[in-house]
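Overview (structure and organization)
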Amino acid sequence: QKANIGVVGMAVMGKNLALNIESRGYTVGIYNRTSAKTEEVMKDHSDKKLVPSYSVEDFVKSLETPRRILIMVKAGKATDAVIDELLPLLDKGDVLIDGGNTNFHDTIARNARLDKSGINFIGMGVSGGELGALHGPSLMPGGQKSAYDLVAPILEKISAKAEDGKPCVAYIGPNGAGHYVKMVHNGIEYGDEQLIDESYDILRRVAGIDVDELSNIFKEWNKGELNSYLIDITGDILSRKDDLGSGKPIVDLILDEGANKGTGKWSSEDALALGVPQSVITESVYARFISMLKDERVAASKVLPKPGLSVDFDAKELVEKVREALYFGKVMSYAQGFEQLRFASEEYDWDLKFGELAQIWREGCIIRAQFLQNITDAFEKDPKLTNLLLDPYFTDIAKKYQDSAREVVAIATKAGIPVPTLSAAVSYYDSYRTEVLPANLLQAQRDYFGAHTYKRVDREGTFHYPWYKEQ
Ligand code: NBP
């Protein structure tokens, strides 16, 4: 019997996705460059409908046509190596799916290149880590719509299901759209994490709340409007003690150097390329970068003076204010993320369905959260909504929580606790709601030193001021 679909790459993600697909009643062909990995999978899962191959030729022969092949290898050169090996063996109409964390520019180029040979290429964002891959990830596939239709039944079965039973997968758009949306998802994930980390830092270092109590606070927050996977795991993390036996909270023994694999940075890079403000996510990328300068920070901590201001607050009230500030920050971050998606949809001609994107993030992925439903609702009410903040639900959050956000940023700033994303959120809100920004002075400066010209508020046209003429 031929396999219904093949998976290349038997590292953790490929193996778990293959097992997930098999568990939904499909026969799955599997292949890995290093045969030992395939053998190991077969040894551990001999009872499953898996068809192992130990050469690319046999793998391609093992699949029913049109062939559907999911590539789950390290993004970059490995993906190209796999495509180059497969390509001569494929037929027109076959579908390749790249489920790696691939840069969307690469996906656009691969889609165009393969399209010339009649091979369909889907770039698919996969979120939810290894457990998501096994039990139900959130999937963001982009490429030829006809190719998506060939794989949709499988993807719908293996994806996570939201509370209303809807699968967390949808056709995102042509060529690189799926990987782009996954990239912005990851950027939003960076923002969410940093906003939570700053909230923890303020409550711990300014309010002096201990780790056990902080765990309870996050668990409590998770019962309300902040309900989300990341708040949930934060409550759990803060309750955990050293697994090596010191009795200390594990968080106190983990080195404060925030690593990254690049997707948050890509998201910021493209926001810059598109000219769209995305300061909360970008500050979260910078926060990781500055955390990596551990030796410099340790040295500077001994030299650079602390602030000399006193801070006045009620600890109990501060907890609630930080909760409100965190939610405010999250709303600003998503407003920026969706604005970036709107700009990208226009620039790359993708026709993204914003409400649907929030819908498929409701389960399976790292940013899954109750409040995504509010985003879906907002775009369902008004598919042309320019900024989430203009939807009444989000305008109301801003109205209710902006003062807490301001106070928390002020307290943290006075106390010398860095709050790059919370303060970026407040600044973004204030910039976005300001009718006249000081860009009038900026335009004057540019015109002064570079004759760059400016527009006037009272008449049409382009003007240059005689700056060097005495008045
Ligand atoms: P890795 O990213 O660690 O990649 C290992 C796989 O790539 C192995 O199967 C390896 O084969 C194969 N490979 C390499 Br490396 N170079 C190759 C080449 N030149 N030709 C053929 N195969 C090659 O695996 P992973 O952690 O399972 O992730 C797979 C993809 O999924 C990545 O793009 C990752 O970014 C993405 N992703 C990961 C997560 C997660 O939570 N880990 C979540 C979402 C997406 P070998 O055994 O022969 O070395």
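Residues numbered from 1 in each chain as written. Predicted model: local features only at pLDDT ≥ 70, side-chain atom pairs only at ≥ 80, totals over all residues.

Now for the nonpolar core. Judged by nonpolar contacts, the single largest core of 126 residues is most densely connected at L96 and A425. With 13 residues, helix α14 (residues 315–348) is the single largest residue contributor to this core. (Core = buried A, V, L, I, M, F, W, Y, C linked by C-beta atoms within 7 Å. Buried ≥ 20, exposed ≤ 12 C-beta atoms within 10 Å, placed from the backbone. Helix = DSSP H or I, 4+ residues; strand = E, 2+ residues; numbered from the N terminus.)

Taken together, 23 residues sit near the ligand, with A11, M13, R33, A78 and G100 positioned nearest. Broken down by secondary-structure element, the contributors of at least two residues to the shell around the ligand are α1 (12–23), α4 (77–86) and α6 (129–135). Of the residues contributing to the shell around the ligand, the split by class is 11 nonpolar, eight polar and four charged. (Near = placed C-beta within 6 Å. Nonpolar A, V, L, I, M, F, W, Y, C, P; charged D, E, K, R; others polar.)

In terms of domains, the protein chain is made up of domain 1 (5–175), domain 2 (183–432) and domain 3 (437–471). Summarising the inter-unit geometry, the C-alpha centres of domain 1 and domain 3 are found 55 Å apart. (Domains from an automatic or database assignment.)

UniProt feature "active site" (unreviewed entry): in the numbering of this structure it lies at K182 and E189. Mapping K182 onto the fold places it in helix α8 (residues 177–205). Sequence-distant contacts of K182, defined by excluding residues within four places in its chain, comprise G125, S127 and M140. Its 24 C-beta neighbours within 10 Å are what place E189 among the buried residues. Setting aside its immediate chain neighbours within four residues, E189 contacts I366 and I367. (UniProt positions renumbered as here; feature names shortened; annotations may be inferred. Contact = placed C-beta atoms within 7 Å.)

Further remarks concern the UniProt feature "binding site: substrate" (unreviewed entry) in the protein chain. In the numbering used here, UniProt assigns the "binding site: substrate" (unreviewed entry) feature to N101, S127, G128, G129, H185, N186, Y190, K261, R288, R446 and H452. These residues run over 352 residues, and the two farthest C-alpha atoms among them are 49.1 Å apart, placing them at more than one spot. Not counting residues up to four positions away in its chain, the partners in contact with H185 are G125, S127, W361, C365 and I367. When you line up the elements, K261 lands in the loop between α10 (229–237) and α11 (263–274).

Between helix α12 (residues 279–291) and helix α18 (residues 420–432), the shortest axis-to-axis distance is 8 Å and the interhelical angle comes to 160 degrees. On the basis of the axis angle, α12 is roughly antiparallel to α18. Relative to α18, the crossing made by α12 is right-handed. Contact with α12, carried on its side by S279, V280, E283, S284, Y286 and A287, involves P420, T421, A424, A425 and Y428 of α18 and no other residues of that element. Grouping the amino acids of the contact of α12 with α18 by side-chain chemistry returns seven nonpolar, three polar and one charged. (Axes fitted to C-alpha atoms, helices over the stretch in contact; angles between N-to-C directions. Parallel < 35°, antiparallel > 145°, perpendicular 65-115°, else oblique. Left-handed = near helix turned anticlockwise from the far one by under 90°.)

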